[in-house]
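Residues per chain, in single letters:
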Amino acid sequence: EAGVTQSPRYAVLQEGQAVSFWCDPISGHDTLYWYQQPRDQGPQLLVYFRDEAVIDNSQLPSDRFSAVRPKGTNSTLKIQSAKQGDTATYLCASSLTGSNERLFFGHGTKLSVL
Amino acid sequence: GQQVQQSPTSLVLQEGENAELQCNFSTSLNSMQWFYQRPGGSLISVFYNPSGTKQSGRLTSTTVIKERRSSLHISSSQITDSGTYLCAMERTNTGKLTFGDGTVLTVKP
């Protein structure tokens, strides 16, 4: 069984540039999460979906960040105008609702904003 | 303040020594999990532990939900145990996790 796949693995931007991160969850997992993990800190939830619906995006900086999951499978997280403070690893995770299964994480996209 | 406090922040052991990692929660929780992360690697769930004690090989997790604490015990540490151990809590039955900042474990030969 394939795990959670993310791309790209690394991204380096200048401030003001845009970037998109892509996530392919484990097949059949209805819940998908995006976390932001600054260096030497734990992951912090940005947004999560159940199927194609956004369940909680309260921690997503809505002026510059957006996330979609149009068909309830793959998801894209976009930063419209990156800032140095966005430097972090962006992790995608998926799970199956109601099974008390653990979350499965991808390797993440390491973003550096110069 | 942080809802999930982990201690110690870092730990250095000689191979073969035991380790005890602590996690304390400032709010009530539904369940918690322990994760392991290598530098540059993804998070791997080690234990999903609503309450009680679970063991897997050399790892033992003990969680007391009503006291808002959990511990991870590593016996006879090995060099390959090195990495960051993160605990996370779930407040409602949504799978939405709040993480601590982790304990960085280094096991030396």
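Residues numbered from 1 in each chain as written. Chains lettered and ligands numbered in written order. Predicted model: local features only at pLDDT ≥ 70, side-chain atom pairs only at ≥ 80, totals over all residues. Heavy atoms only, no water.

Asks: Would you mind going over the nonpolar core with me for this structure?
Replies: Generally speaking, nonpolar side chains in soluble globular proteins are found buried as a group. Counting residues in hydrophobic clusters, the biggest one holds 23 residues, and the most contacted among them are Phe21, Trp34, Leu77, Ile79, Tyr90 and Leu111 of chain A. The residues contacting Phe21 of chain A, other than those within four sequence positions of it, are Ser7, Pro8, Trp34, Ser75, Thr76, Leu77, Ile79, Tyr90, Thr109 and Leu111 of chain A. In terms of nonpolar packing, the next biggest core, distinct from the first, is built from 19 residues, Leu21, Cys23, Ile74 and Leu105 of chain B among them. (Core = buried A, V, L, I, M, F, W, Y, C linked by side-chain atoms within 4.5 Å. Buried < 20%, exposed > 50% of the residue type's maximum accessible area, 1.4 Å probe, protein only. Contact = heavy atoms within 4.5 Å.)

Asks: Hey, could you run me through the packing of aromatic side chains in this one?
Replies: To describe a pair of aromatic rings, one takes the distance between the centres and the angle between the planes. Evaluated as defined, the whole model comprises 10 aromatic pairs over all chains. Note on Tyr35 of chain A and Phe99 of chain B: the rings are 5.6 Å apart at their centroids and 90° apart in plane angle, and the pair reads as edge-to-face. Taken as a pair, Tyr35 of chain A in strand β4 (residues 31-37) and Phe99 of chain B in strand β10 (residues 97-99) lie in two separate chains rather than in one. The exposure class of Phe99 of chain B is buried, given its relative accessible area of 5%. Through a chain of ring-to-ring contacts, the aromatic side chains of Tyr33, Tyr35, Tyr48 and Phe105 of chain A together with Phe35 and Phe99 of chain B assemble into a single cluster. (Phe/Tyr/Trp six-rings, centres within 6.5 Å; stacked < 30°, edge-to-face > 60°. Helix = DSSP H or I, 4+ residues; strand = E, 2+ residues; numbered from the N terminus.)

Asks: Any chance you could explain the sheet that holds strand β8 (residues 75-79) of chain A here in plain terms?
Replies: Each strand in a sheet pairs with its neighbour through backbone hydrogen bonds, running either in the same direction (parallel) or in the opposite one (antiparallel). Residues and elements named next belong to chain A. As summarised here, the arrangement of the four strands in space is β1-β3-β8-β7, forming an open sheet in which the pairing is antiparallel. Either end of the sheet is taken by a strand with one partner, and the two such strands are β1 (5-7) and β7 (65-68). Each strand axis lies, on average, 15° off the axis of its neighbour in the sheet, ignoring direction. Strand direction decides the pairing type here: β1 and strand β3 (residues 19-24), joined by three bridges, are antiparallel. Bridge assignment links Gln6 to a residue of β3, and that residue is Cys23. (Pairing = 2+ DSSP bridges. Axes fitted to C-alpha atoms, helices over the stretch in contact; angles between N-to-C directions.)

Asks: Even after reading the chapter, I still don't get unusual backbone geometry, so can you show me in this structure?
Replies: Across the chain, the bulk of peptide bonds are trans and the bulk of non-glycine residues have phi less than zero. The omega torsion of the bond from Ser7 of chain A to Pro8 of chain A falls at -10°, within 30 degrees of zero and hence cis. Within the fold, Pro8 of chain A resides in the loop between β1 and β2 (10-13). The omega torsion across Ser7 of chain B and Pro8 of chain B is -10°, close enough to zero to call that bond cis. Among the secondary structure elements, Pro8 of chain B is positioned in the loop between β1 (4-7) and β2 (10-14). Of note in the backbone geometry, Arg68 of chain B takes a positive phi value of approximately 55° without being a glycine. One non-glycine residue, Ser76 of chain B, adopts positive backbone phi at about 45°. Within the fold, Ser76 of chain B resides in the loop between β8 (69-74) and β9 (83-90).

Asks: Help me out: how do you make sense of the interface of chain A and chain B in this one?
Replies: Accessible area lost upon the coming together of the parts serves often as the stated size of an interface. Taken together, the contacts link 19 residues of chain A with 18 residues of chain B. Summing both partners gives a buried area of about 1400 Å² for chain A against chain B, and 50% of it is carried by carbon and sulfur. On the surface where chain A and chain B come into contact, there are one salt bridge. The closest approach of N and O atoms between Lys96 of chain B and Asp56 of chain A, which form a salt bridge, is 2.3 Å. Where chain A touches chain B, the interface holds four residue pairs in polar contact (both at pLDDT 80 or more). Those elements that place two or more of their residues in the side of chain A that touches chain B are β4 and β5 (44-50) of chain A. (Buried area = accessible area lost by both parts, 1.4 Å probe. Salt bridge = Lys/Arg side-chain N within 4 Å of Asp/Glu carboxyl O. Polar contact = N/O pair within 3.5 Å; in protein donor to acceptor, adjacent residues only side chain to side chain.)

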